[in-house]
Amino acid sequence: MSRALLIWAVLLVMGAVISGTAPGRARRAPPPLHQAAEIEALVNKAADILESEGPRAFDAFRRKGSIWRYGDVYLFVVDLRGIVLFNAAHPNREGRDLLHERDADGKPFHQDFIDTVTLFGSGWVDYMFPKPGQSVPSVKWSYVCATRVAGAEALVGAGVYVE
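Residues numbered from 1 in each chain as written. Predicted model: local features only at pLDDT ≥ 70, side-chain atom pairs only at ≥ 80, totals over all residues. Heavy atoms only, no water.

Draft legend 1. Spatial organisation of the side chain of S122. Checked against the element boundaries, S122 lands in strand β3 (residues 122-130). Among the polar contacts listed, one links the side chain of S122 to the side chain of Y143, at a separation of 3.1 Å. (Helix = DSSP H or I, 4+ residues; strand = E, 2+ residues; numbered from the N terminus. Polar contact = N/O pair within 3.5 Å; in protein donor to acceptor, adjacent residues only side chain to side chain.)

Structure below.
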């Protein structure tokens, strides 16, 4: 098992403990390992590009049908204060402070993104979020990675809908 996938497995267990999964609450199945590895590679590559190119990379990240945005997969970038710097599928979220936003289950997922990159540098977070073009939330697992954008600490992520 690769180091990244081992870390992913450990974080899944820790995530359940940290998030305090309530007794009787349905467990959210993680993405298959091949999808997880694909998303991790995508996000890690995007993090490297953001560190060198900064916001200039956003135009390429936004293009549908590219390696950065295909199917239901898209990148998002959030600074460590909770301000959305970029969201390929939901540009109306850009510039907004979403630190305290909660998903349909009440989970403060932006705070979870920030906690994950602050504590571990990268990792997986599960939450409820609508697929692009839909309004009903679905189970989503996002991999987030610490990066810098124009010198500011941030995170970049992408996810997989598992429903």
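Draft legend 2. Examining the pairing of strand β2 (residues 84-87) more closely. In this structure, strand β1 (residues 75-79) lies alongside β2, joined through 3 bridges in antiparallel fashion. Each residue of the ladder has a partner; that of V77, found in β2, is F86. Between β1 and β2, which pair antiparallel and follow one another directly, the connecting turn spans 4 residues, one of which, G82, has a positive phi of 100°. (Pairing = 2+ DSSP bridges.)

Draft legend 3. How the structure looks around helix α2 (residues 33-53). Between the first and last C-alpha of α2 there are 30 Å, a value that for 21 residues agrees with the 30 Å anticipated at 1.5 Å per step. A positive backbone phi angle near 65° is found at G54, which sits one or two residues after α2. (Expected span 1.5 Å × (residues − 1).)

Draft legend 4. Spatial organisation of the pairing of strand β5 (residues 152-161). Most of β5 is tucked away, with 8 of its 10 residues classed as buried. Two elements, β1 and β5, share 5 bridges in a ladder whose sense is antiparallel. In the sheet register, V78 faces β5, and the bridge partner there is L155. Sheet topology note: the strand β4 (residues 137-149)/β5 ladder contains 10 bridges and is antiparallel. The partner of T147 across the bridge, within β5, is A154. Where β4 folds back onto β5 in an antiparallel hairpin, the turn is made up of 2 residues, including A150, whose phi is positive at roughly 55°. (Buried < 20%, exposed > 50% of the residue type's maximum accessible area, 1.4 Å probe, protein only.)

Draft legend 5. Focus on the packing of aromatic side chains. For the structure shown, the criterion picks out 10 aromatic pairs. Aromatic pair F76 and F113: ring centres 5.2 Å apart, planes at 25°, arrangement stacked. Remark: F113 occurs in helix α4 (residues 109-120) and F76 occurs in strand β1; sequence separation between them is 37 residues. When its relative accessible area of 2% is taken as the criterion, F113 is described as buried. Both rings, one in F109 and one in Y127, keep their centres 4.6 Å apart while their planes meet at 5°; by these two values the pair is stacked. Here F109, found in helix α4, pairs with Y127, found in strand β3; they are 18 residues apart in sequence, far enough to count as distant. (Phe/Tyr/Trp six-rings, centres within 6.5 Å; stacked < 30°, edge-to-face > 60°.)

Draft legend 6. Structural view of the environment of V139. As for its position among the elements, V139 is in strand β4. The class for V139 is buried, based on a relative accessible area of 9%. A sequence separation of 11 residues divides V139 from M128, and the C-alpha atoms of the two residues are 4.7 Å apart. Residues within four places of V139 in sequence aside, it is in contact with R28, Y127, M128, V160, Y161, V162 and E163. (Contact = heavy atoms within 4.5 Å.)

Draft legend 7. Representation of the nonpolar core. If you look at the biggest cluster of nonpolar residues, it comprises 44 residues, and the most contacted ones within it are F61, L75 and V156. Listing elements by their share of this core, those giving two or more residues are α2, α3 (58-62), β1, β2, α4, β3, β4 and β5. With 7 residues, α2 is the largest single contributor of residues to this core. Once residues within four sequence positions are removed from consideration, V156 is found in contact with V43, A46, A47, L50, L75, F76, V77, Y143, V144, C145 and T147. (Core = buried A, V, L, I, M, F, W, Y, C linked by side-chain atoms within 4.5 Å.)

Draft legend 8. Quick peek at the sheet that holds β2. Strand order in the open sheet formed by 5 strands is β2-β1-β5-β4-β3, with antiparallel pairing between adjacent strands. Strands with a single pairing partner mark the edges of an open sheet, and in this sheet they are β2 and β3. Going across the sheet, the axis of each strand differs from the next one's by a mean of 25°, ignoring polarity. Together, β1, β2, β3, β4 and β5 form the strand contacts of α4, whose direction differs from that of β3 by roughly 175°. (Axes fitted to C-alpha atoms, helices over the stretch in contact; angles between N-to-C directions.)

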